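# Results of the structural survey
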Amino acid sequence: MDGRTSPPTAEKIHVHHVWEAKRRIAGIVQKTPLTYSDPLSETAGIPVYLKQEQLHPVHAFKIRGAANAILRLSDEERSRGITTFSTGNHGLAVAYVCRRLNIPAVICLSSRVPRAKTETLHRLGARLEIVGTSQDDAENRCRQLEREEGLTLVPPFDDPWVIAGQGTIGLELLEELPELRSVLVPLSGGGLLSGLALALKSNLPRVSIIGISMERSAVMLESLKAGKPVKLDESDTYADSLLGGLGACNHWTYSLVRRWMDAAIQVPEDAIAAGIAFLYRHHRIIAEGAAAVGVGAVLTGRLPEPKGPVVIPVTGSNINPDRFTQAILSSPE
Ligand SMILES: *Cc1c(COP(=O)(O)O)cnc(C)c1O
């Protein structure tokens, strides 16, 4: 804690935690461009903007939450080292921030995480623990390291500091496009959606927050239907960064997403591939599957009653070349 405000508690995460995060991460995280998309606006019939979060050093927005969660730790906590579990991008972000701050990092991953990500983690100097085939296996190993080696755990989404960090995207949007009416948010554990909703709805209550997931293994949407966090098997998808459970006992994101998400859309694999191909062909943006679900939803006419201007955060670009090529080749021009 840096003593500026009291720490957030379940009912009391507040937009001032997001403003604080913005100041805290300013030395590590740069503002990203917001780009008007002519062809998507034409398709959707409303103005569409892309928030280019794939341009961060780790090629994903997760650097925001990781930086906020790590920078607020005490020197003592930092010196013991940090651990996390992740489908990849949060792990990359933690490894990157730890390297910048000279903190030892141990990243626990499942064997589903693509090679593009594991190679980068190695380069960033993190110790890797590859265990099992699901995010839950990786989480268990991480909690064991916390207990046995005294490492500090920085969770990938279910954490108020991480949520506040992701919310800084929303503060940038308030400055750049105060007339925005909806945001299409890729949805997995819900840290991004919670943070964005917190930042935007406190200032612009009429903004619609629309969560977008793949068709299979959409754990947050299935949990909301069931009325409690559920476990699902992970299936193969272009949107590998949206896989993973909600955590053994979810404290934050399940209830925040339930409170703030206005609508949810699920997109099939061919729509995700079309989104990847579209971003490449029209904007020369390399998007990973998770980052292309919103564009896929627009291209396949899945927005219920679109309210514009709409913002689509392009959340990351960590995709293996073979997957990327497959998406382009399977989507005719
Ligand atoms: C993590 C991630 C998401 C989803 O974020 P959550 O906070 O887990 O909902 C979306 N896109 C990319 C590229 C990600 O890495």
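Before any of the text, the structure's been laid out above.
Notes on the structure follow. Everything numeric here is computed off the predicted structure, so don't read it as measured data. (Residues numbered from 1 in each chain as written. Predicted model: local features only at pLDDT ≥ 70, side-chain atom pairs only at ≥ 80, totals over all residues. Heavy atoms only, no water.)

## Details of the site of the ligand
Looking at the ligand, there are 16 residues lining it, with Lys 62, Asn 89, Gly 190, Leu 192 and Thr 315 nearest. Within the backbone of Ser 188, one N or O atom sits 2.9 Å away from an oxygen atom of the ligand. A distance of 3.0 Å separates an oxygen atom of the ligand from a polar backbone atom of Gly 189. Within the complex, the protein chains bury 98% of what would otherwise be the 380 Å² of accessible surface of the ligand. (Near = heavy atom within 4 Å. Polar contact = N/O pair within 3.5 Å; in protein donor to acceptor, adjacent residues only side chain to side chain. Areas by Shrake-Rupley, 256 points an atom, 1.4 Å probe, with all protein chains shown as cover.)

## Regarding the environment of Gly 170
Along the chain, Gly 170 falls in helix H8 (residues 160–176). Given the relative accessible area of 0%, Gly 170 is considered buried. With 130 residues separating them along the chain, Gly 170 and Leu 40 place their C-alpha atoms 21 Å apart. Excluding residues that lie within four positions of it along the chain, Gly 170 makes contacts with Leu 196, Ala 199 and Leu 200. (Helix = DSSP H or I, 4+ residues; strand = E, 2+ residues; numbered from the N terminus. Buried < 20%, exposed > 50% of the residue type's maximum accessible area, 1.4 Å probe, protein only. Contact = heavy atoms within 4.5 Å.)

## A look at the sheet that holds strand E9 (residues 263–267)
Here 6 strands make up an open sheet; going across it, the order is E1-E2-E10-E7-E8-E9 and the pairing mixed. Pairing within the sheet leaves two strands with one partner each, and these edge strands are strand E1 (34–36) and E9. Pairs of neighbouring strands in the sheet enclose a mean axial angle of 25°, with direction left out of account. Pairing between strand E7 (residues 182–186) and strand E8 (residues 208–214): 5 bridges, direction parallel. Each residue of the ladder has a partner; that of Pro 186, found in E8, is Ile 212. Set on the sheet, H8 makes contact with E1, strand E2 (48–52) and strand E10 (310–314); between it and E2 the angle comes to about 135°. Strands in contact with helix H9 (residues 191–201) are E7, E8 and E10; relative to E7, the strand with the most contacts, it is inclined by about 160°. (Pairing = 2+ DSSP bridges. Axes fitted to C-alpha atoms, helices over the stretch in contact; angles between N-to-C directions.)

## As for the packing of aromatic side chains
Counted according to the given criterion, the structure contains 2 aromatic pairs. Plain terms: the ring middles of Tyr 36 and Tyr 49 are 5.3 Å apart, the flat faces sit at 65° to each other, and that makes the pair edge-to-face. Of this pair, Tyr 36 sits in strand E1 while Tyr 49 sits in strand E2, and the two are 13 residues apart along the sequence. Assessed through its relative accessible area of 41%, Tyr 36 is described here as partly exposed. Each ring, one from Tyr 280 and one from Phe 324, has its centre 5.7 Å from the other, and the planes form 85°; the classification is edge-to-face. Linking Tyr 280 in helix H12 (residues 269–283) with Phe 324 in helix H14 (residues 321–330), this pair joins segments that are 44 residues apart in sequence. Here the guanidinium or amino end of Arg 323 rests over the ring plane of Tyr 238, the centre of that ring lying 4.4 Å away. (Phe/Tyr/Trp six-rings, centres within 6.5 Å; stacked < 30°, edge-to-face > 60°. Lys NZ or Arg CZ within 6 Å of the ring centre and 35° of its normal.)

## With respect to the sheet that holds strand E4 (residues 105–109)
A sheet is described by the order of its strands in space; here 4 strands give the open sequence E5-E4-E3-E6, paired in parallel fashion. The open sheet is flanked by strand E5 (127–130) and strand E6 (152–153), the only strands paired with a single partner. Along the sheet face, helix H5 (residues 89–101) touches strand E3 (82–85) and E4 and points at about 165° away from the line of E3. Packing of helix H6 (residues 115–123) onto the sheet brings it into contact with E4 and E5, and relative to E5 it is tilted by some 145°.

## Here's the deal with the side chain of Thr 168
Tracing the chain through its elements places Thr 168 in helix H8. A distance of 2.6 Å separates a polar atom in the side chain of Thr 168 from the backbone oxygen of Gly 165. Non-local contacts of Thr 168, meaning those with residues more than four positions away in its chain, are made with Val 18, Ala 21, Lys 22, Ile 25 and Arg 64.

## A word on the environment of Ser 111
As for its position among the elements, Ser 111 is in the loop between E4 and H6. Counting along the chain gives 101 residues from Ser 111 to Ile 212, while the straight-line C-alpha distance between them is 25 Å.

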